[in-house]
Structure formats: C-alpha cells, structure tokens
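These are the residues of each chain, in order.
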Amino acid sequence: MHRIAVIPGDGIGPEVIEQGIRVLTRISQKLGISIEFTSFPWGADYYFKTGEVLPPDGLKQISQYDAVYVGAVGDPRAPRGLLERAIIGGLRWDMDLYVNLRPMKLYNEQYCPLKKIVPSDLDILVVRENTEDLYTGPSGFIKKNTDDEVGFGTAFYTKKGVERVIRYAYDQARKRKKKKLTLCDKANAVQAQEIWRRVFSLVGQDYPDVEQETIYVDACAMALVRKPQQFDVIVTTNLFGDILTDLGAELCGGVGLAPSGNIHPGRFGFFEPIHGSAPKYAGKKKANPLGAILAGGMMLEYLGADAGPASSPQGETKKGGLAIESAVAKLLRTGTLKTLGTESELSTDQIGDLVLEQIESYDSPIQSF
Ligand code: IPM
Ligand code: MG
C-alpha cells in the first residue's frame, strides 16, 4: 500500500492533478497495486481563509506519507513568492530533498520548435541541486523603501551538498546508454562555483566509465538550442537548473509536458509538473495535464525503486511508472494533440481520457509497453 499526500494547490493545479490521479488509479487497478490518496487543501484559498500558509505541523504531517504529489502553487493575490516558498520551498529545503530530477524528452518531432531534431536527438536528464544557492542563502533588504535601499542575496555551495548531487548524477549517467555527464556552471564569473568544478573531477575519478564534460551556463543555453544531441545527463546549480529546464521543456513541446521529482534518495520524494499555477487558465480546463501525469509516473518509479523481484509489489509499482510514461509517449506519437500548450484543442479531461485509452489498449500493459 502506497500512501500519497496530494497538494492540488492553486490555479490549474487541481485540474491537472485530477487527471494524474485518474491515471494512477487506473494503472494501480490494472497492476494490483494499492494507492491511497489524502488531499491537503494548502494554497491561496487556505491562506486567505486561515491566515497561515501551512498549519504549524504541516510538513510533519506530510512526512508521514510515502510521497507527495503536487499540482502547482502560487496566486497573484498573495504576497509574491509567499506560497511558493512556504509549500514548494518548505518541502524541498526543510525536508532536504536535494535532487530535483527533470527529464527532458522529445517524444515526437512535431512538437519540437527546432529544425531537424528527432526524438533520439533529445533525451536529456537534468539533475538540479535543490537545497542551496541563491534560493536559500541569506538575503534581504537594507534601508528598505529609502533611496539608499540595498537588496542582497547570497549564493552558497557546501562541499557536502555539491558532492551528493554530483554523485547522484554520475550514478544516473552510468545507468544510461550514452553514459555522459555534463557539469553546467558559471565558474569563470561566479568564483564560488569553482567548488563544483573541483568536486566534479574528484567524484568523477570513481566513474571512469562515464564521459565527463564541463560547460558554462551561457554556452549550455546556446548548445541546448543548437545541438541538444550533445547532452545526456546535466548536473547543475539550483538557479541554473530552474532556467535551463524551462528552456529544455519548450524544446520538447512545452512546459505543460515536463514532470519533475524532488527527491532525497532512500528517504522521501515529492513529484510535480514543472509548470506554474497559470492563474489565467484556472477553471478553464485548457491546461495540459501530461506534465502532472508524467510526474505521477515518476512517483511510481520512485516508490518502486528498491524493487525486489519483478513479481514483488515494488516491482509492479515501478512497472506502473514506466507504463504511464509509455502511455504518454504513445499518445504523443499519434500526433492527436495539435500542441502541448493550451492550444491543443482538447480539454484537460479529454487529454486525460486519451492517456487512459492508451492504458486500456494493453491487456498486459507491462510486457507490451
Ligand atoms: C520550479 C519553479 C520554482 C523554482 C518556483 C515556483 C519557486 O519555478 O520548480 O521550477 O524556482 O524552483
Ligand atoms: Mg521553474
């Protein structure tokens, strides 16, 4: 039995999560896995009603579950960043979920804005550091609201923090066909990032089978657009990872498609589409739920990661995750969706139906996928 805490959140969050839960429920029935969802109402409405973003023991409650499934958080009526920092940041930082795993896969060239790029050219796994950098360093304002005001923030990188995420990325690269890891930083201009270079080559000594490459973030942005074939796994800082994965998601058809996992390996994980709450589309059923559905698949893969024999419940769970990805991949290959954004000409629920159809069309989802 997998116990999942669900935070549907704000804007389009609840709509996309609803489709994700439909798909997870169906796949679990097919495979005989049992998943129990418990919903937490946190987000803007809860904040305006109660005056608090989370109950004081909110994160503690959440930590009792096996994983968390999040729609999207953020609302223009709330103070900027308050909800995001408390909920998304709270989960990532307070629960020390140091890996932000962001696969960027092109499933059908029809959705790629680049010329002459085919799916085999664009299959990149971004491993984003998720607990340090400008996001969590000391920051604030001095002499606020005066002419002499100063805004400041601090980027910081601990050796332990850098090492654990780099090691995780090497392990991921080792498992893939290309076996290549690229470190993306800005160590020429941001001196503190030299620590990434040193740790990268030190840890790299344990991975002689993995091809190792370094690139500055500006050149990386350029190369992603010019020659995405160059990349396999990319490991990068928190802020650069945020930016590069929006770029990467667009290369694969749009942020509506991109899933992510926030993970402390062996301990805890929370899974979400990388898109935001898109308030202007809230309630319109125009949002593409595929990112949320794929995030649900990643969650199952994570829950089944310590799989025993394939017949064990964990083995089925992992298969369920792979089956969800395959169902989405098959749907995208049909080209039924005009775009992967809000102009797909299909409603959020209809896209959910199409994924379910793909799942139904396999008697034995596993072998055939
Ligand atoms: C993301 C988002 C968040 C981030 C925001 C909501 C704080 O953009 O997950 O990519 O910057 O990490
Ligand atoms: Mg982002």
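Mind laying out the side chain of Asn 262, listing which residues take part and the relevant values?
Looking at where Asn 262 falls in the secondary structure, it is placed in strand β11 (residues 259-264). Here Asn 262 falls in the buried class, since its relative accessible area comes to 0%. Only 2.9 Å separates the side chain of Asn 262 from the side chain of Arg 92, close enough to count as a polar contact. Side-chain polar atoms of Asn 262 contact the side chain of Glu 272, separated by 3.2 Å. Excluding residues within four positions of it along the chain, Asn 262 makes contact with Arg 92, Leu 97, Val 99, Asn 100, Asn 130, Phe 268, Gly 269, Phe 270 and Glu 272.

Can you explain the packing of aromatic side chains? Please cite residues and give values.
If you walk through the whole model with that rule in mind, you get eight aromatic pairs. Taking the centre distance of 6.5 Å and the plane angle of 65 degrees together, the rings of Trp 93 and Tyr 135 count as edge-to-face. Of this pair, Trp 93 sits in helix α4 (residues 82-94) while Tyr 135 sits in the loop between β5 (123-129) and β6 (139-142), and the two are 42 residues apart along the sequence. Aromatic pair Phe 271 and Tyr 302: ring centres 5.3 Å apart, planes at 45 degrees, arrangement tilted. Residue Phe 271 is found in strand β12 (residues 268-273), and its partner Tyr 302 is found in helix α9 (residues 290-303); the two are separated by 31 residues along the sequence. Taking the relative accessible area as the measure of exposure, Phe 271 reaches 0% and is therefore buried. Judged by its relative accessible area of 17%, Tyr 302 falls in the buried class. Here the aromatic cluster, defined as three or more aromatic residues joined through ring pairs, consists of Phe 40, Trp 42 and Tyr 65. Note that Arg 3 overlies the ring of Tyr 65, its terminal NZ or CZ placed 4.6 Å from the centroid.

Kindly report on unusual backbone geometry, identifying the contributing residues and their values.
The backbone of Asp 133 shows a phi angle near 75 degrees, a positive value even though the residue is not glycine. Under the relative-accessibility criterion, Asp 133 is labelled buried at 2%.

Quick rundown of the sheet that holds strand β3 (residues 67-72)? Include the residues and the values.
Read from one edge to the other, the open sheet built from 10 strands follows the order β2-β1-β3-β12-β11-β4-β5-β10-β8-β9, with strand pairing classed as mixed. Only two strands of the sheet have a single neighbouring strand rather than two, namely β2 (35-39) and β9 (211-216). Direction aside, neighbouring strands of the sheet carry axes that sit 25 degrees apart on average. As paired elements, β11 and β12 share six bridges and run antiparallel to each other. Considered in β12, the bridge of Gly 261 is made with Phe 271. Against the sheet, helix α1 (residues 13-31) makes contact with β1 (2-9), β2 and β3, and its axis sits at roughly 140 degrees relative to β3, the strand it touches most. Strands β4 (99-105), β5, β8 (180-185), β9, β10 (233-236) and β11 of the sheet are contacted by helix α5 (residues 159-175), whose axis makes an angle of about 165 degrees with β5.

Kindly report on a nonpolar patch on the surface, identifying the contributing residues and their values.
Side chains of Ile 142, Val 150 and Phe 152 sit close together on the surface and give an oily, nonpolar patch of about 240 Å² of accessible area. Assignment of secondary structure puts Val 150 in strand β7 (residues 150-153). Val 150 gets classed as partly exposed once you look at its relative accessible area, which sits at 37%.

Which residues make up the packing of α5 against helix α6 (residues 194-204), and what values do they have?
Two numbers describe a pair of packed helices, the interaxial angle and the distance between the axes. Close contact between α5 and α6 brings their axes to 9 Å; oriented N to C, the two are set at 50 degrees. On the basis of the axis angle, α5 is oblique to α6. For the pair α5 and α6, the sense of crossing is right-handed. Contacts between α5 and α6 involve Lys 159, Val 162, Glu 163, Val 165, Ile 166, Arg 167 and Tyr 170 from the first element and Ile 195, Trp 196, Val 199, Phe 200, Val 203 and Gly 204 from the second. Its residues assigned to classes, the contact of α5 with α6 comprises nine nonpolar, one polar and three charged.

How would you explain the domain arrangement of the protein chain if you had to name every residue and give the values?
When its domains are assigned, the protein chain resolves into domain 1 (1-98 + 255-369) and domain 2 (113-252). Relative placement of domain 1 and domain 2: their C-alpha centres are 24 Å apart. In this assembly, 15 residues from domain 1 lie in contact with 14 residues from domain 2. For the domain 1 face of the interface with domain 2, the top three residues by lost area are Trp 93, Tyr 98 and Val 255, together amounting to 50%.

Tell me what's going on with the side chain of Asn 238, and back it up with residues and numbers.
Position of Asn 238 relative to the elements: it lies in helix α8 (residues 238-251). Look past the residues within four positions of Asn 238 in its chain and what remains in contact with it is Arg 128, Glu 129, Asn 130, Thr 131, Glu 132, Asp 133 and Tyr 135.

Please give an account of the pattern of salt bridges that cites residues and values.
This model, assessed by the stated rule, comprises 23 salt bridges. Here Arg 22 and Asp 353 are joined by a salt bridge, their closest N and O atoms 2.7 Å apart. Of this pair, Arg 22 sits in helix α1 while Asp 353 sits in helix α11 (residues 348-360), and the two are 331 residues apart along the sequence. When the shortest N-O distance is used, the salt bridge between Glu 360 and Arg 26 registers 2.5 Å. Of the two residues, Glu 360 is situated in helix α11 and Arg 26 in helix α1; the sequence distance between them amounts to 334 residues. For Glu 360, a relative accessible area of 36% puts it in the partly exposed group. Among the charged side chains, a salt-bridge network with shared partners connects Glu 18, Lys 285 and Asp 349.

Which residues make up the site of ligand 1, and what values do they have?
Every residue close to ligand 1 is listed here: Glu 84, Arg 92, Arg 102, Arg 128, Tyr 135 and Asp 242. In the model, an oxygen atom of ligand 1 is placed 2.8 Å from a nitrogen or oxygen of the Arg 102 side chain. Calculation on ligand 1 without its partners gives an accessible area of 320 Å², and the protein chains cover 70% of this total. Here the shell around ligand 1 is built from residues that sort into one nonpolar, no polar and five charged.

The rules behind the values
- Residues numbered from 1 in each chain as written.
- Chains lettered and ligands numbered in written order.
- Predicted model: local features only at pLDDT ≥ 70, side-chain atom pairs only at ≥ 80, totals over all residues.
- Heavy atoms only, no water.
- Helix = DSSP H or I, 4+ residues; strand = E, 2+ residues; numbered from the N terminus.
- Buried < 20%, exposed > 50% of the residue type's maximum accessible area, 1.4 Å probe, protein only.
- Polar contact = N/O pair within 3.5 Å; in protein donor to acceptor, adjacent residues only side chain to side chain.
- Contact = heavy atoms within 4.5 Å.
- Phe/Tyr/Trp six-rings, centres within 6.5 Å; stacked < 30°, edge-to-face > 60°.
- Lys NZ or Arg CZ within 6 Å of the ring centre and 35° of its normal.
- Pairing = 2+ DSSP bridges.
- Axes fitted to C-alpha atoms, helices over the stretch in contact; angles between N-to-C directions.
- Patch = residues over 30% accessible without salt bridge, like charges linked within 9 Å, V, L, I, M, F, W, Y side chains within 5 Å.
- Areas by Shrake-Rupley, 256 points an atom, 1.4 Å probe, with all protein chains shown as cover.
- Salt bridge = Lys/Arg side-chain N within 4 Å of Asp/Glu carboxyl O.
- Parallel < 35°, antiparallel > 145°, perpendicular 65-115°, else oblique.
- Left-handed = near helix turned anticlockwise from the far one by under 90°.
- Nonpolar A, V, L, I, M, F, W, Y, C, P; charged D, E, K, R; others polar.
- Domains from an automatic or database assignment.
- Buried area = accessible area lost by both parts, 1.4 Å probe.
- Near = heavy atom within 4 Å.

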